[in-house]
Amino acid sequence: MHIFAIANQKGGVGKTTTAVNLAAALAANGQRTLLVDLDPQGNATMGSGVDKRSLHSSVYQVLLQLATLEGARIASPSGHFDVLPANRDLAGAEVELVDLDRREMRLKEALAAHRADYDFVLIDCPPSLSMLTLNGLCAAHGVIIPMQCEYYALEGLSDLVNTIKKVHANLNRELKIIGLLRVMFDPRNTLSNQVSAQLEEHFGDKVFKTLVPRNVRLAEAPSYGIPGVLFDKAAKGAQAYLAFAVELIARVNTWKENP
Ligand code: ADP
Ligand code: MG
């Protein structure tokens, strides 16, 4: 089981879109996949076709050990993956976890019993470096960082990279950066191309080959509760996420060959 956190402390950079579409694309490739929504906004939940307003339990109860993963997970009605859903209840977890024992390990411990259930677990992190994100980073083997190729993109990246280094040093020796995914990419924009080239220069093969273009079909899909890769398979955005899943599976398989 590979557990990957989709993280970037900036909002609106494509974390949720990446989490939902990668989950659906991995499932389309026969991978048993769980999508964990760690954002109180519940966008990954809704985008997977699960109504966040009618949950009897959610990731919130799992983090507080009031429910088990079996009790809270739901099969996405539109994708062939499971969802550990979230809603606004989760906003309270931040405060309620503060006084609890091993508070940053709650998600890791909840997933531990399910190692045999899934090939991939994707964690959609909130746009902050909070206790929720920390739970995501402590549970994960690696981080996938979606980013837009904008002027300030590299600047924001250093905070995230430092946080990942700290978590690696103090809490989770397994954690590493799996890769940077360029999203909402516009190939006609000179600046995008320059920033993209800079990323390749700094991060080398940590930059995924797949480029996800800006594509309106990906933005429309959530309002139907259907992942973009299934909503319009032929669209450029859907094709990119399908290619990304194939790239990620290939990358993971190289670790098995050279551990
Ligand atoms: P985050 O989870 O980082 O806040 P989202 O995935 O919610 O970011 O994306 C922010 C907005 O951008 C959403 O409205 C989403 O539909 C849109 N979006 C994300 N990726 C793309 C894309 N490749 N093309 C067009 N719109 C996108
Ligand atoms: Mg999001």
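Residues numbered from 1 in each chain as written. Chains lettered and ligands numbered in written order. Predicted model: local features only at pLDDT ≥ 70, side-chain atom pairs only at ≥ 80, totals over all residues. Heavy atoms only, no water.

Colleague: So what exactly am I meant to see when it comes to the overall build of the protein chain here?
Modeller: Each helix and strand counted, the protein chain has 12 helices and 8 strands in total. A compact globule built from 259 residues would reach a C-alpha radius of gyration of about 18 Å, and the protein chain, at 17 Å, matches this within 12%. Once local pairs closer than 6 in sequence are excluded, the contacts in the protein chain between residues at least 24 apart make up 78%. For the protein chain, the exposed area adds up to about 11,800 Å²; of that, 51% sits on carbon and sulfur atoms. Here the protein chain contributes 26 positively and 27 negatively charged side chains, and the mean placements of these two sets differ by 3 Å. (Helix = DSSP H or I, 4+ residues; strand = E, 2+ residues; numbered from the N terminus. Rg over C-alpha atoms; globule rule 2.2 N^0.38 Å. Contact = heavy atoms within 4.5 Å. Areas by Shrake-Rupley, 256 points an atom, 1.4 Å probe, with all protein chains shown as cover. Lys, Arg positive; Asp, Glu negative; His and termini not counted. Charge placed at Lys NZ, Arg CZ, Asp CG, Glu CD.)

Colleague: Before we go on, may I ask you to explain helix 12 (residues 236-257) in this structure?
Modeller: With 22 residues, helix 12 extends 32 Å from end C-alpha to end C-alpha; this agrees with the ideal 32 Å at 1.5 Å per step. Taken residue by residue, helix 12 has Gly 237, Ala 238, Ala 240, Tyr 241, Phe 244, Ala 245, Glu 247, Leu 248, Ile 249, Arg 251 and Val 252 as its buried positions. (Expected span 1.5 Å × (residues − 1). Buried < 20%, exposed > 50% of the residue type's maximum accessible area, 1.4 Å probe, protein only.)

Colleague: Can you help me understand the pattern of salt bridges in this one?
Modeller: Side-chain pairing between opposite charges can occur once the charged atoms of the two side chains come close. In the structure shown here, the tally under the stated rule is 9 salt bridges. The closest approach of N and O atoms between Arg 182 and Glu 200, which form a salt bridge, is 3.0 Å. Note that Arg 182 is positioned in strand 7 (residues 176-185) and Glu 200 in helix 9 (residues 190-203), a separation of 18 residues in sequence. Arg 217 serves as the salt-bridge partner of Asp 232, at 2.8 Å between the closest nitrogen and oxygen. Note that Asp 232 is positioned in the loop between helix 11 (228-231) and helix 12 and Arg 217 in helix 10 (residues 216-220), a separation of 15 residues in sequence. For Arg 217, a relative accessible area of 30% translates into the label partly exposed. Shared partners join several salt bridges into a network, and the residues in it are Arg 217, Glu 220 and Asp 232. (Salt bridge = Lys/Arg side-chain N within 4 Å of Asp/Glu carboxyl O.)

Colleague: Help me out: how do you make sense of unusual backbone geometry in this one?
Modeller: Glycine aside, residues mostly have negative phi angles, and peptide bonds mostly take the trans form. Phi at Gln 65 is positive, roughly 60°, even though this residue is not glycine. Mapped onto the elements of the fold, Gln 65 is located in the loop between helix 3 (59-63) and helix 4 (69-72). We classify Gln 65 as exposed; its relative accessible area is 52%.

Colleague: Looking at this structure, how should I read the nonpolar core?
Modeller: The nonpolar side chains of a soluble globular protein tend to be buried with one another. Judged by nonpolar contacts, the single largest core of 49 residues is most densely connected at Val 36, Leu 84, Leu 107 and Ile 123. When residues of this core are assigned to their parent elements, the largest contribution, 6 residues, is made by helix 8 (residues 153-170). In this structure, Ala 24, Val 50, Leu 181 and Phe 244 belong to the second largest nonpolar core, which totals 34 residues. (Core = buried A, V, L, I, M, F, W, Y, C linked by side-chain atoms within 4.5 Å.)

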